[in-house]
Every structure is written in structure tokens, then in C-alpha cells.
Amino acid sequence: MPELPEVEAVVRRFREAAIGASIHSVQIERAGTVAPHLPSEFKSLHGASILRAHRRAKHIFIHLSGDQHLHIHLRMTGNLYVIPDYRLRPHSARVWFRLKDNRSIIYEDSRALGKVHLVTRAQIERIESGLGPEPLEPTFTPMILKAILATSRSPIKPMLLDQTRIAGVGNIYASEALWHSRIHPCTRANQVPVRKISKLHSAIQKVLREAAAGAYAGYQQPGTAIESESFGVSAYGRAGKPCLRCQTPIKRITQAARSTFFCPSCQPC
DNA sequence: TCGATCCTGTAG
DNA sequence: CTACAGGATCGA
């Protein structure tokens, strides 16, 4: 589910619900979600209060009292939210934090690929320093994108997923941005024509911004279908369906073991 | 730079 | 039953 806009929505909701709350206890239903930590290490969170939460790329960092920090990555199917009572938690709750006010913070993850880690401030800095620019921040300019593209000979679409180059673009929005900027996904990054670089830059921002607007309203708690991508999607998941610009059937290919969707007619090589 | 891998769920 | 899933890491 979550790409950058969805993670942003999760963090915003989390902040509204959880800042200022105090943790009563921590339940770890699945050790793998906190590995390589031991569940017992999380006892240090008992009594801690939640001070801040922020997002960097698709990473979530939660700052707690006592100079403690949680690092949460939702991966494919993770979700983080607060519910009124722990007994309402879904079957796929992997870690939950009972709050002193009786509510609970739930980390839910059906595929269990995501992680909930305890980290130090130094570790957070190390993680963040390894990431490329945030695509929705002013620091991400067409010139910066041009410089990033120049350093890679790999096909542009897998390159867009490389978090060390640009942080937060995922599989759906990579295909979408290329469709909007009419760039073939197999084009080598350093071969993208200069004229199309600014198109790509604005397409990345457009696609992420529009998704962000929908995600905050649409990213729901358990049981509700998560369909934030179902509106505004022009190429992703539309194999065989007509391109919205030229009616040519959208094609699906595999790149770096991920699906890519594009229009073979209006995204020429 | 690729393929395999971590997992579970759902669609075909 | 198989294929595939919006992520990221690891080893070859």
C-alpha cells in the first residue's frame, strides 16, 4: 500500500491521535517484526510519552521521552494507527502499544515484511543521510534531478525506485510519472533528453501531490478497502486497457522484478 | 545489476 | 492450483 503520500497520511493521523499520550505496555505478537531486537528490549518504553513523529521518505520515526526513538517501515502492507481499545485490533496486528488512556497504537501488517525498531538519534541520522532528496521538498529541483539522472546508466524506471537517489518514489508513482512525462521506462537515466527532465520533475511532484490529497482522506483503518490509487492512475495496473491519451493498449513489462506499465506509443524509446 | 528472499492474502 | 502484490536488502 504505502508509498510516500500514504506514509505521510499515516504520520499525520498518528500525530493527531498520539502526540502527548503515554505508553502503558507493549505487546509484540510477532518477534520477526522487531528483529533483530528482542521483545524484552521494548520494556524500556513502558511509561514513555510520545513527543513527536516525522516521516523521511517512507520511513516513520517516533520520538519518545527518555531519548528513545522508534523506527517504523511499513513496507508493502504495514499500517499504523490508534484505536479506542486493544480488543478491536485486527488479526494482523504484529505489535501494539497500550496507552495509559486505554487506547492502543496498532502496528498492523498482513505480510509482515515491515519493521518496528528501537533506534538511537545517531542511527536515525545515519538512515536519513543515506537517502536521496525528498521529491516534494523545495530542495528537489529540476537541476538536482538532472544531476541525479546523469550519474546513472540504468533504466529510468528502476532508477526512480532507488531510495538513495530519490527518496519516496514507489512502483506505482514511478510508472505514473513516466507516463505523464512521456518517457519510456527502459530509457537509460543519463539518456533522458534534457527537455523531458523538467517534465519528469513536475510529473513526479504532480503524481505525489495528488496522491497525498487522496491519501489523507482515503487511507483508512482495518476493514476498509485502501483504494487511494484507484483514482488518478493512468498507467499502473492498466495492462491491455487503452492509453488515456492515444488509445493504444497499455503494456506491462518486468524490470528488476517489478511490474512496469507504460504506453508503447506515446512513451517512445 | 539481477534474482532470490522475507511473508500473507487475494485474484484468476 | 499459480501468479502476483504499492518495498527493500542481500549475495552472487
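Attention in this report is confined to the structure presented alongside it. Just so it is clear, the model here is predicted, and its values are computed rather than measured. (Residues numbered from 1 in each chain as written. Chains lettered and ligands numbered in written order. Predicted model: local features only at pLDDT ≥ 70, side-chain atom pairs only at ≥ 80, totals over all residues. Heavy atoms only, no water.)

Focus on the overall build of chain A
Item 1. For chain A, the count of helices and strands is 7 helices and 10 strands.
Item 2. Counting only C-alpha atoms and orienting by the principal axes, one finds that chain A spans roughly 60 × 35 × 30 Å.
Item 3. Burial analysis of chain A (269 residues in total) assigns 49% to the buried set.
Item 4. If you take every contact in chain A between residues at least 6 apart in sequence, the share linking residues at least 24 apart comes to 65%.
Item 5. Carbon together with sulfur atoms contributes 53% to the accessible area of chain A, which is approximately 12,500 Å² in total. (Helix = DSSP H or I, 4+ residues; strand = E, 2+ residues; numbered from the N terminus. Buried < 20%, exposed > 50% of the residue type's maximum accessible area, 1.4 Å probe, protein only. Contact = heavy atoms within 4.5 Å. Areas by Shrake-Rupley, 256 points an atom, 1.4 Å probe, with all protein chains shown as cover.)

What to know about the nonpolar core
Item 1. Formed by 29 residues in total, the largest nonpolar core has its most connected members in Leu-45, Ile-50, Ile-62, Leu-70, Phe-97, Ile-105 and Val-116.
Item 2. Here this core takes 5 residues from helix H1 (residues 4-18), the largest share from any one element.
Item 3. Sequence-distant contacts of Val-116, defined by excluding residues within four places in its chain, comprise Thr-33, Val-34, Phe-42, Leu-70, His-71, Ile-72, Val-95, Phe-97 and Tyr-107.
Item 4. In terms of nonpolar packing, the next biggest core, distinct from the first, is built from 25 residues, Phe-140, Ile-172, Leu-178 and Ala-203 among them. (Core = buried A, V, L, I, M, F, W, Y, C linked by side-chain atoms within 4.5 Å.)

Some details on the protein's contact with DNA strand B
Item 1. In the vicinity of DNA strand B, the residues found are Arg-30, Arg-94, Ser-110, Arg-111, Leu-113, Arg-153 and Ser-154.
Item 2. Among the atoms of DNA strand B close to the protein, meaning within 4 Å, 65% are from sugar or phosphate groups.
Item 3. Arg-30 is positioned with one of its side-chain polar atoms (N or O) 3.0 Å from a sugar or linking oxygen of DNA strand B.
Item 4. Between DNA strand B and the protein, one listed contact pairs a sugar or linking oxygen with a backbone N or O atom of Ser-110 at 3.2 Å.
Item 5. Considering only residue class, the surface near DNA strand B consists of 1 nonpolar, 2 polar and 4 charged. (Near = heavy atom within 4 Å. Polar contact = N/O pair within 3.5 Å; in protein donor to acceptor, adjacent residues only side chain to side chain. Nonpolar A, V, L, I, M, F, W, Y, C, P; charged D, E, K, R; others polar.)

With respect to the sheet that holds strand S4 (residues 68-73)
Item 1. If you trace the 4 strands from one edge of the open sheet to the other, you get S2-S3-S4-S8, paired in antiparallel fashion. Because the sheet does not close on itself, it has two edges, and the strands there are strand S2 (50-56) and strand S8 (115-119). Here the strands of the sheet are splayed against their neighbours by 20 degrees on average, with no regard to which way each runs.
Item 2. Alignment of strand S3 (residues 59-64) against S4, held across 6 bridges, turns out to be antiparallel. Bridging across to S4, His-63 finds its partner in His-69.
Item 3. Sitting on the sheet, H1 is in contact with S2 and S3, with an inclination near 170 degrees to S2. (Pairing = 2+ DSSP bridges. Axes fitted to C-alpha atoms, helices over the stretch in contact; angles between N-to-C directions.)

Topic: helix H4 (residues 142-150)
Item 1. Looking only at H4, the buried set comprises Leu-145, Ile-148 and Leu-149. Around the axis of H4, the buried residues are gathered within 95 degrees of arc, so they sit on the same side. More than 90 degrees from the buried face of H4, the exposed residues found are Met-143 and Ala-150. (Arc of directions from axis to C-beta.)

A short note on the pairing of S8
Here is the key point about a regular strand: its side chains alternate between the two faces of the sheet.
Item 1. With 4 of 5 residues buried, S8 lies mostly within the body of the structure.
Item 2. Relative to S8, S4 runs antiparallel, the two being bridged by 5 bridges. Within S8, the position partnered with His-71 by the bridge is His-117.

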